[in-house]
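Structure at a glance
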Amino acid sequence: MPANIVGRLSITVAQAKLVKNYGMTRMDPYVRIRVGHFVYETQTDPNGGKNPRWNRVVHSQLPAGVASISLEIYDECSFTMDELIAWTEIKLPEAVLRGDTHEDWYPLSGKQGDGVEGMIDLVLSFQPASAHTPTTYMYQPVAPVVMVPSVTGRPMPVFVHPQQPQVVNSHYPHQQQPPPQQPCVAAPPLTEEDLKQIQEMFPNTDREVIKSVWEANRGNKDRTINSLLQMTDQ
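First things first, this report covers the structure right here in the doc. None of these values were measured; they are calculated from a predicted model.

Calculation criteria
- Residues numbered from 1 in each chain as written.
- Predicted model: local features only at pLDDT ≥ 70, side-chain atom pairs only at ≥ 80, totals over all residues.
- Heavy atoms only, no water.
- Helix = DSSP H or I, 4+ residues; strand = E, 2+ residues; numbered from the N terminus.
- Buried < 20%, exposed > 50% of the residue type's maximum accessible area, 1.4 Å probe, protein only.
- Contact = heavy atoms within 4.5 Å.
- Areas by Shrake-Rupley, 256 points an atom, 1.4 Å probe, with all protein chains shown as cover.
- Phe/Tyr/Trp six-rings, centres within 6.5 Å; stacked < 30°, edge-to-face > 60°.
- Lys NZ or Arg CZ within 6 Å of the ring centre and 35° of its normal.
- Salt bridge = Lys/Arg side-chain N within 4 Å of Asp/Glu carboxyl O.
- Pairing = 2+ DSSP bridges.
- Axes fitted to C-alpha atoms, helices over the stretch in contact; angles between N-to-C directions.

**Observations regarding the overall build of the chain**
- Looking only at helices and strands, the chain features four helices and 10 strands.
- Taken from the N to the C terminus, the helices and strands of the chain come in the order β-β-β-β-β-β-α-β-β-β-β-α-α-α.
- Per-residue burial over the chain gives 40% buried out of 234 residues.
- Contacts in the chain between residues at least 24 apart in sequence constitute 60% of all its contacts with a sequence separation of at least 6.
- For the chain, the accessible surface area stands at approximately 13200 Å², while carbon and sulfur atoms represent 53% of it.

**Examining the packing of aromatic side chains**
- Inspection of every chain in the model, using the stated rule, returns one aromatic pair.
- A cation over a ring is seen here: R32 above Y74, with NZ or CZ 4.7 Å from the ring centre.
- Just above the ring of Y22 sits the side chain of K111; from NZ or CZ to the centre is 4.8 Å.

**As for unusual backbone geometry**
- Positive phi is not limited to glycine here, since N47 has a value of about 60 degrees.
- Tracing the backbone shows N47 in the loop between β3 (38-41) and β4 (53-63).
- Of note in the backbone geometry, N55 takes a positive phi value of approximately 50 degrees without being a glycine.
- Here N55 is to be found in strand β4.
- Residue class for N55 comes out buried when judged on its relative accessible area of 15%.

**Regarding the pattern of salt bridges**
- Inspection of every chain in the model, using the stated rule, returns three salt bridges.
- With its nearest N and O atoms 2.9 Å apart, the salt bridge here joins E41 to R32.
- Residues E192 and R207 are paired through a salt bridge, measuring 4.0 Å at the closest nitrogen-oxygen approach. Of this pair, E192 sits in helix α2 (residues 192-201) while R207 sits in helix α3 (residues 207-216), and the two are 15 residues apart along the sequence.
- A residue is classified by how much of its surface remains accessible, and R207, at 33% relative accessible area, is partly exposed.

**What about the sheet that holds strand β7 (residues 102-110)?**
- One open sheet holds the eight strands; their spatial order is β3-β2-β5-β6-β7-β8-β1-β4, and the pairing between them is antiparallel. Taken across any chain shown, the strands that pair with only one partner, and hence form the sheet edges, are β3 and β4. Each adjacent strand pair in this sheet contributes to an overall mean axis angle of 30 degrees, direction not counted.
- Of the pairings in the sheet, the one linking strand β2 (residues 29-35) to strand β5 (residues 68-75) comprises six bridges and is antiparallel in character. Counted as the bridge partner of P29 is D75 from β5.

Shape descriptors only; they carry no functional weight alone.
Okay, structure coming up:
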């Protein structure tokens, strides 16, 4: 674990309610998120208009000293630069940094004014880098993203792979070992039976979203279903 990383932040970008559709046709919105120097984008919701849905999960390392994330909603355009529709900066709740899962609707600013462009639904959770975690474990590094212009005008993400640090066994310092694929403390595994049952309840929700909400709720099935209900009950 790099010394400047305090843990992993999971952000589920569920949906938004915008006050106005800009342009002659329904907007094609997508979301850009910044966590420190890391930049991520959701997929575009074609014809999402004022009520876009993404249900996209972003996993990001959280650098030390970063207490907020910034978020922007763009309308994807084919022949012109993508139009910035709304934006907000969200301070990470203390409850999230303590390990709780938190869902809320956050106000958006834009052409209509501060906090009156609409709202966006996010689910936040955080897994800290415990001081008691064995040195043989480290989080999968997240590649930094550089935004470059494209022919269509929409900035495209280019991932720059960071140098992979070596992992050394604390009990045998001269023996190098690869990092395990799973964290040492994790939610109970989501069985295929549970996944199938939850998918039957939420057929329009992506498998990865269900898995992320399951992990964020520490493998509690009832809490997972309640979180998914809150995300889809619109």
